[in-house]
Amino acid sequence: MLPFDFDYYKPASLKEAVDLYQNLSQQGNNPMFISGGTELITLGRIDLVYTEAVIDLKEIAESKVMQFSGEHLVLGSSVTLTELGEENLFPLLSKTASEIADRTARVKITLGGNICAQIFYREAILPFLLSDSQVVTVGPEGVKVVPINEIFRKQLQLSPGEFLVQIATEKRFIDAPFYTFKRRQQWYTGYPLITIAALKIDNEIRVALSGLCPFPFRSQLVEAALNNKGMPEAERVERALASLPGPILDDVEGSANYRLFVLRNLLLDVLESLDKA
Ligand SMILES: Cc1cc2nc3c(=O)[nH]c(=O)nc-3n(C[C@H](O)[C@H](O)[C@H](O)COP(=O)(O)OP(=O)(O)OC[C@H]3O[C@@H](n4cnc5c(N)ncnc54)[C@H](O)[C@@H]3O)c2cc1C
């Protein structure tokens, strides 16, 4: 149960959703978009989220898309993590998403909701950061298509009233060799100690991480160190560790030093798995 009441809207089109947000904002109703609604429930219960008007994006046709269009795979923001796994159109994404939460929650959690979540793990973003995907948003200024590595800086940079509609990924990234692993400290379904996703494209390894810092990221400095093939693998990994952004998380899931220990081994696994792929 949520400790507050709110009005519930389920727009049928992008325009209706954009207009609703603007009108409700002007009326001072503090509107909130939802897709799966799991975070509204989780954070609303402990007073970390409050709204008087919920705009549910789930029924908008463009947000339910899951198909190839020319050379791109287009995935809508309302597609659930379970649906991603069942269709398995993007194996790196399906595998990463299959490790998020538990079976019951994955039926509800959506791609858009995970990527735009306030809880900072946002693991579903990792495959898209690695594959230079294109993000489609809509808001008061209309539809925008923006490279993910421009619009995602720690979190998706959206203006008030703007929301995520789709993400498009080129097929060549989908077919590339990949590696992904989620190391947890607790249970089989907990938040990550570290989740790593990697793929090899144009003979270079790319790496993205969640759980190491208080935001998911991909780092060109880390990748440059890992791809320096003139050096022994262990040295490449040490240089990658020295290039990490900060801060390194130091919390109940694990100390900063333990995270770095785990990451060192994961990076060695990435090299072993993808160097010769
Ligand atoms: C038991 C459990 C375990 C979990 N474990 C993990 C984990 O290990 N790793 C992990 O990454 N996540 C995990 N999560 C999921 C995560 O914390 C969020 O709760 C979830 O991703 C939200 O998805 P949702 O579709 O329900 O989003 P919603 O609750 O609908 O929305 C979440 C946020 O995104 C915004 N939003 C939703 N859709 C859009 C859109 N289309 N455009 C713009 N903004 C939008 C909302 O306004 C809200 O702020 C877990 C969740 C549960 C319940």
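Look a little higher up for the structure.
Okay, so let's go over this structure. Predicted, not measured: the structure shown is a model, and the values here were computed from it.

Tallying secondary structure elements over the chain gives twelve helices and 14 strands in all. Over its C-alpha atoms the chain spans a radius of gyration of 19 Å, differing by no more than 12% from the 19 Å that the globule rule assigns to 277 residues. Here the C-alpha coordinates of the chain stretch approximately 60 × 45 × 30 Å along the principal axes. Counting only residues that meet the buried cut, the chain has 51% of its 277 residues in that class. Once local pairs closer than 6 in sequence are excluded, the contacts in the chain between residues at least 24 apart make up 60%. Each charge class in the chain can be summarised by its mean position, and for the 27 positive and 35 negative side chains these summaries are 4 Å apart.

Bringing the site of the ligand into the picture now. Taken together, 31 residues form the shell around the ligand, and within it Phe33, Ser35, Thr38, Thr110 and Glu123 come nearest. Between the ligand and Cys116 there is a distance of 3.3 Å, counted from an oxygen atom to a backbone nitrogen or oxygen. Calculation on the ligand without its partners gives an accessible area of 970 Å², and the protein chains cover 89% of this total. Mapped onto the shell around the ligand, the elements with two or more residues apiece are β2 (31-34), α2 (38-45), α6 (111-115) and β10 (163-170).

An order of β4-β5-β10-β6-β7 is seen for the five strands of this open sheet, with the pairing classed as antiparallel. The sheet is open, and its two edges are formed by β4 (66-69) and β7 (142-147), each paired on a single side. The mean inter-strand angle of the sheet, taken between neighbouring strand axes irrespective of direction, is 25°. Pairing between strand β5 (residues 72-76) and β10: five bridges, direction antiparallel. The partner of Gly76 across the bridge, within β10, is Gln166. Where helix α1 (residues 14-26) meets the sheet, it contacts β6 (134-139) and β10, and its direction lies at approximately 140° from that of β10.

About the criteria used
Residues numbered from 1 in each chain as written. Predicted model: local features only at pLDDT ≥ 70, side-chain atom pairs only at ≥ 80, totals over all residues. Heavy atoms only, no water. Helix = DSSP H or I, 4+ residues; strand = E, 2+ residues; numbered from the N terminus. Rg over C-alpha atoms; globule rule 2.2 N^0.38 Å. Buried < 20%, exposed > 50% of the residue type's maximum accessible area, 1.4 Å probe, protein only. Contact = heavy atoms within 4.5 Å. Lys, Arg positive; Asp, Glu negative; His and termini not counted. Charge placed at Lys NZ, Arg CZ, Asp CG, Glu CD. Near = heavy atom within 4 Å. Polar contact = N/O pair within 3.5 Å; in protein donor to acceptor, adjacent residues only side chain to side chain. Areas by Shrake-Rupley, 256 points an atom, 1.4 Å probe, with all protein chains shown as cover. Pairing = 2+ DSSP bridges. Axes fitted to C-alpha atoms, helices over the stretch in contact; angles between N-to-C directions.

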